[in-house]
Amino acid sequence: MENKEIRFASRPAGMPTDGNFTIVDTDVPQPNDGEVLVRTLYISVDPYLRGRMREGRSYVPPFEVGQVIESGAVGEVVESSSPKFQPGDIVTGMFGWRLYNAAKAEGLMKVPPGAPISTALGVLGMPGLTSYFGLLDIGQPKEGETVVVSGAAGAVGMTVCQIAKIKGCRTVGIAGSDAKNQYLRDELGVDVTINYKNPGVSEALAEACPKRIDVYFDNVGGEVSDAVMPLLNQGARIVICGQISLYNLNKPDVGPRPHPYLLVNSALMKGFIIKQYAARFGEGVTQLAQWLAAGKLKYAENVVAGFENTPQAFIGLFTGENLGKQIVKVAER
Ligand code: NDP
């Protein structure tokens, strides 16, 4: 068995490039007591990894230059020194970007049978839970209200759009291509979509939201969010989930200040990190799986083939290459 790993070679300045990563041949590790050896099948690439490539204080420590990048992954146990897992088990957890990882059994979960195993990284994993708790707990959408979702055709956004529809809301999705927007309307039942790369986003939003905006689920920040603020309703809730339009900026971006809109509308703006809901993940996964099985929830994945292409798949998040969850298929099951 041969092993490879992808290391963090240098901190990106602006958009990450291939040069920020190196692929290195390495040995297959031996699992210690309480560990398992896992063969990687799928790797999740996520926008928050860009934050870990920057120095400074955040909710997770930054990657050190030279270390192996880590993210969520799904793999197969090939050797076990833990009573918790047997060879052949399919598990998910945080792993190094490697073909084979030795991992502590306590940090891993079995992927339940039913849905395809890659969904453990998407609709039934961290992004799905982010949509569920962010929208329902902070956004608190009520029937008949208008919900606007930015980054609407991504992993988090498309699940938010569908939960908003399940809750009986008028749903407006904002995404960066006509093809993505068509998918949102035709496949997911989103009421109106806006391509933020076209001119006239503010006018299009005003037209799409004749009763103004009750919930804004923000995945992107920047100018898209600036266009939302003047349209808030009394008592609006703004869920700050992500700010991807800012992640590659070298200097902080100062836009229009939102405070007057929050003040006059008695509106709430709240950020969150999904880990805060860890105690309720079981509830979230159960509900998402039920909606999925009932056909009320759909998902899309953009599957990039080949371990070596993991850095490119990650970079592709910032050029909008993905419809739905961006994942790398490393090996056949
Ligand atoms: P996505 O699947 O949504 O992929 C990223 C998408 O962002 C791209 O497809 C692209 O779509 C869009 N995008 C990229 N650059 C820009 C830009 N400059 N302006 C506007 N849109 C842009 O990723 P996720 O669903 O995994 O994550 C979505 C957001 O949620 C991210 O901001 C992420 O950081 C955040 N997040 C937060 C969590 C939390 O705990 N708070 C947990 C998980 C995710 P397009 O073609 O439309 O431009």
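Residues numbered from 1 in each chain as written. Predicted model: local features only at pLDDT ≥ 70, side-chain atom pairs only at ≥ 80, totals over all residues. Heavy atoms only, no water.

**Q** Lay out the layout of surface pockets with the relevant residues and their values.
**A** Taken as a whole, the second largest pocket spans an internal volume of roughly 280 Å³. Forming the boundary of the second largest pocket are 17 residues, of which G222, D226, Q243, P256 and P258 lie nearest the centre. Element by element, the count of residues in the lining of the second largest pocket is highest for helix α6 (residues 222-228), at 3 residues. (1 Å grid on protein atoms, 1.4 Å probe; cavity = no way out; pocket = protein on both sides within 12 Å on 5 of 7 lines; lining within 4 Å. Points joined across faces, edges and corners; volume = space filled by probe spheres on them. Helix = DSSP H or I, 4+ residues; strand = E, 2+ residues; numbered from the N terminus.)

**Q** Summarise the nonpolar core; cite the residues concerned and give the values.
**A** Membership of the largest hydrophobic core comes to 34 residues, with the highest contact counts inside it found for L135, V147, V149, L184, F217 and L288. Among the secondary structure elements, those contributing two or more residues to this core are α2 (126-139), β8 (146-150), α3 (155-166), α4 (178-186), β11 (213-218) and α8 (281-293). The leading source of residues in this core is α3, at 6 residues. Core analysis: the second largest hydrophobic core is formed by 32 residues, I6, F63, A73 and F318 among them. (Core = buried A, V, L, I, M, F, W, Y, C linked by side-chain atoms within 4.5 Å. Buried < 20%, exposed > 50% of the residue type's maximum accessible area, 1.4 Å probe, protein only.)

**Q** Could you give an account of the packing of α2 against α3, naming the residues involved and the relevant values?
**A** Orientation of α2 relative to α3, taken along the N-to-C sense of each, is 45°, at an axis distance of 8 Å. Looking at the two axes, α2 sits oblique to α3. Judged by the twist between their axes, the crossing of α2 over α3 is right-handed. Touching P127, T130, S131, Y132, L135 and L136 of α2 are A155, V156, T159, V160, I163 and A164, all from α3. For the contact of α2 with α3, a count of residues per class yields 9 nonpolar, 3 polar and no charged. (Axes fitted to C-alpha atoms, helices over the stretch in contact; angles between N-to-C directions. Parallel < 35°, antiparallel > 145°, perpendicular 65-115°, else oblique. Left-handed = near helix turned anticlockwise from the far one by under 90°. Contact = heavy atoms within 4.5 Å. Nonpolar A, V, L, I, M, F, W, Y, C, P; charged D, E, K, R; others polar.)

**Q** Describe empty space enclosed by the protein, naming the residues involved and giving the relevant values.
**A** Under the defined criterion, the tally for this structure stands at 1 cavity of 30 Å³ or more. Of the pockets and cavities examined, the largest cavity occupies roughly 70 Å³. Broken down by element, the lining of the largest cavity gets its largest block of residues, 3 residues, from α3.

**Q** Can you explain the site of the ligand? Please cite residues and give values.
**A** Close contacts around the ligand come from 26 residues, with G176, K180, Y196, Y247 and N322 the closest. Between the ligand and Y247 there is a distance of 2.7 Å, counted from an oxygen atom to a side-chain nitrogen or oxygen. In this structure, I274 approaches the ligand through a main-chain N or O atom, which is 2.8 Å from an oxygen atom. Protein chains shield 92% of the accessible area of the ligand, which is 910 Å² for the free molecule. (Near = heavy atom within 4 Å. Polar contact = N/O pair within 3.5 Å; in protein donor to acceptor, adjacent residues only side chain to side chain. Areas by Shrake-Rupley, 256 points an atom, 1.4 Å probe, with all protein chains shown as cover.)

**Q** Explain the environment of S10 residue by residue, including any values.
**A** Within the secondary structure layout, S10 lies in the loop between β1 (3-8) and β2 (21-26). With a relative accessible area of 27%, S10 lands in the partly exposed category. Taking C-alpha positions, S10 is 28 Å from G122, a pair spaced 112 residues apart along the chain. Ignoring sequence-local partners within four residues, the contact set of S10 consists of G19, N20 and V65. Side-chain polar atoms of S10 contact the side chain of N20, separated by 3.0 Å.

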